[in-house]
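Tertiary structure, described
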Amino acid sequence: MGYSKEQLLARLKELEIEFEQYEHPVVLTVEAALKYLGNVDGAFCKNLFLKDKKNRFYIVSALSETKVDMKVLSQRLGLGKGGIRMAPEEALGELLQVPLGCVTPFALVNESARDVSLLLDQGLRSQTRILFHPLSNDMSIALTALGLDKFLNSIGRNSAYVDLEANPPVGKDQPPDLATFVPSGAVTKAETEAVPGHITVPQNQFANSDTAAAGGKAAKQPFESKKGKEKPENEKDAKSKSVKSISSSDPERFVEEILEKTSNLVLAEITEATIKEHGNQLGVVASDTIRKHLGLALNSLAVTFKNSAYTEGFHAGKQCQHNQL
């Protein structure tokens, strides 16, 4: 059984995340919601639940006016022009634990959604407040982007904001810029194809369920994809322009990211509510929770660091080949 609306709202209060809630009739579209929320201070968000050919799932949360071109997004993920589509309705209940019309980043609180990737519209950060359904489409809540970030950090997720309207070229020398968002449930061809002039680095060395990494033991997938050959995809580029990349020559930045994530998780766990509930045992409880969620975040950073080294080595090899010619 997944999180309920009431449990989510209680979780937000425990984390001391400020929000306002607005009850309204059940709505299935952004247009329907705006009939009741048009005068509310904040930007209402649309949420897409997507699936690729290898049964990997994605939530795309964007401003209602942001144009999301599915073909372009698929190419930027390294999945080819037609590699991504809307997820089947049954996946909503099995993975996100929500009914139709209730897709939201908050659904990632459910363990069943651990391998679902999240892409956030960079436009969300410029809004005073943003509105989402709290796992139920008979209510909307308004909070800041920082509040959403705090919630995602509390469940071991990174908040990665990207320009969803961008259409950068993808080719042999221009790897897909969003490839690091492909979930770890399976290995893409981009990760396994040999590239002339460089040594292929083995992938999937780290288990990870975060939004910006690929690697780890594949989880059992509940839906089977159609059989058939898929078009070759481009190499994964961990130095995505849309997410913070870590150069393999910058270990100080790598350590700083670890310290920042640890600090955020500690602050998220130590609240007035948890102090009252656990008392002298708070240290033990917080330690267990931080250890659980920090492991996912550090695996993500490790994969990003590894992939950055891989990409830099690839480009160095290409340059060496060119010089030899």
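Residues numbered from 1 in each chain as written. Predicted model: local features only at pLDDT ≥ 70, side-chain atom pairs only at ≥ 80, totals over all residues. Heavy atoms only, no water.

1. Observations regarding the overall build of the protein
Looking only at helices and strands, the protein has nine helices and eight strands in total. Expressed as a percentage of its 325 residues, the buried residues of the protein come to 50%. When contacts within the protein are restricted to residue pairs at least 6 apart in sequence, those whose partners lie at least 24 apart make up 74%. As presented, the protein carries roughly 16,100 Å² of accessible surface, and 52% of it is formed by carbon and sulfur atoms. (Helix = DSSP H or I, 4+ residues; strand = E, 2+ residues; numbered from the N terminus. Buried < 20%, exposed > 50% of the residue type's maximum accessible area, 1.4 Å probe, protein only. Contact = heavy atoms within 4.5 Å. Areas by Shrake-Rupley, 256 points an atom, 1.4 Å probe, with all protein chains shown as cover.)

2. Section: the pairing of strand S3 (residues 57-63)
The buried fraction of S3 amounts to seven of the seven residues, a majority that puts the element mostly inside the structure. The sheet contact formed by strand S2 (residues 43-52) and S3 spans seven bridges and is antiparallel. Residue pairing for S3: Asn 47 is matched across the bridge by Ser 61. Taken together, S2 and the strand that follows it, S3, pair antiparallel across an intervening segment of four residues, in which Asn 55 is found at a positive phi of about 60 degrees. Across four bridges, the pairing between S3 and strand S5 (residues 117-121) is parallel. Opposite Tyr 58, over in S5, you have Ser 117 as the bridge partner. (Pairing = 2+ DSSP bridges.)

3. Quick look at the environment of Gln 127
Tracing the chain through its elements places Gln 127 in the loop between S5 and strand S6 (130-132). Judged by relative accessible area, Gln 127 falls into the partly exposed class, the value being 27%. For the pair Gln 127 and Leu 63, spaced 64 residues apart in sequence, the C-alpha to C-alpha distance is 9.5 Å. In this structure, Gln 127 is in contact with Ala 43 and Leu 63, ignoring residues within four places of it in sequence.

4. Quick word on the packing of aromatic side chains
Summed over all chains, the structure comprises three aromatic pairs. Look at Phe 49 and Phe 57: their rings are 5.5 Å apart centre to centre, the planes differ by 25 degrees, and that puts the pair in the stacked class. Judged on exposure class, the residue Phe 49 and its partner Phe 57 are both buried. Where Phe 106 meets Phe 151, the ring centres are 5.1 Å apart and the plane angle is 70 degrees; that geometry is what we call edge-to-face. A residue pair is termed long-range when its members are at least 10 positions apart, and Phe 106 in the loop between helix H4 (89-96) and S5 and Phe 151 in helix H5 (residues 145-154) qualify at 45 residues. Phe 106 gets classed as buried once you look at its relative accessible area, which sits at 0%. Taken together, the ring pairs connect Phe 106, Phe 132 and Phe 151 into an aromatic cluster. (Phe/Tyr/Trp six-rings, centres within 6.5 Å; stacked < 30°, edge-to-face > 60°.)

5. Some details on the environment of Met 70
Position of Met 70 relative to the elements: it lies in helix H3 (residues 70-76). Met 70 sits in the partly exposed class, given a relative accessible area of 23%. Spatially, the C-alpha atoms of Met 70 and Met 86 are 9.3 Å apart, while their sequence positions differ by 16 residues.

6. Focus: the pattern of salt bridges
What the rule picks out here adds up to five salt bridges. Linking Asp 52 and Arg 56 is a salt bridge whose minimum nitrogen-to-oxygen distance equals 2.7 Å. As far as the burial class goes, Asp 52 and Arg 56 line up, both buried. Here Glu 111 makes a salt bridge to Arg 114, at a shortest N to O gap of 3.9 Å. (Salt bridge = Lys/Arg side-chain N within 4 Å of Asp/Glu carboxyl O.)

7. Concerning the nonpolar core
Buried together is how nonpolar side chains tend to be arranged in soluble globular proteins. Among the nonpolar cores identified, the biggest contains 41 residues, and Leu 12, Phe 49, Leu 96, Phe 106, Leu 148 and Phe 151 are the most heavily contacted of them. Those residues in contact with Leu 96, other than ones at most four positions away along the chain, are Phe 49, Ile 59, Ala 91, Val 103, Ala 107, Asn 110, Ala 113 and Val 116. By size, the runner-up hydrophobic cluster in this structure holds 17 residues, among which are Val 68, Leu 73, Val 162 and Val 182. (Core = buried A, V, L, I, M, F, W, Y, C linked by side-chain atoms within 4.5 Å.)

8. Focus on H5
H5 sits mainly inside the fold: seven of its ten residues count as buried. Gly 156 sits one or two positions beyond H5 and adopts a positive phi of about 80 degrees.

9. Quick word on helix H1 (residues 5-14)
Those residues of H1 not exposed but buried are Lys 5, Leu 8, Leu 9, Arg 11 and Leu 12. In an axial view of H1, the angular spread of the buried residues amounts to 155 degrees, which keeps them on one side of the axis. Exposed residues on H1 whose side chains face more than 90 degrees from its buried face are Glu 6 and Lys 13. The inward-facing, buried residues of H1 contact strand S1 (20-23), strand S7 (139-143) and H5. Within two residues after H1, Glu 16 carries a phi angle of roughly 60 degrees, on the positive side. (Arc of directions from axis to C-beta.)

10. Some details on a nonpolar patch on the surface
Taken together, the side chains of Val 26, Leu 28 and Leu 100 make up a nonpolar region of the molecular surface, amounting to roughly 310 Å² of accessible area. Note that Leu 100 resides in the loop between H4 and S5. Relative accessible area serves as the criterion here: at 46%, Leu 100 is assigned to the partly exposed category. (Patch = residues over 30% accessible without salt bridge, like charges linked within 9 Å, V, L, I, M, F, W, Y side chains within 5 Å.)

So, to be careful, I would describe these as geometric facts and stop short of saying anything about function.
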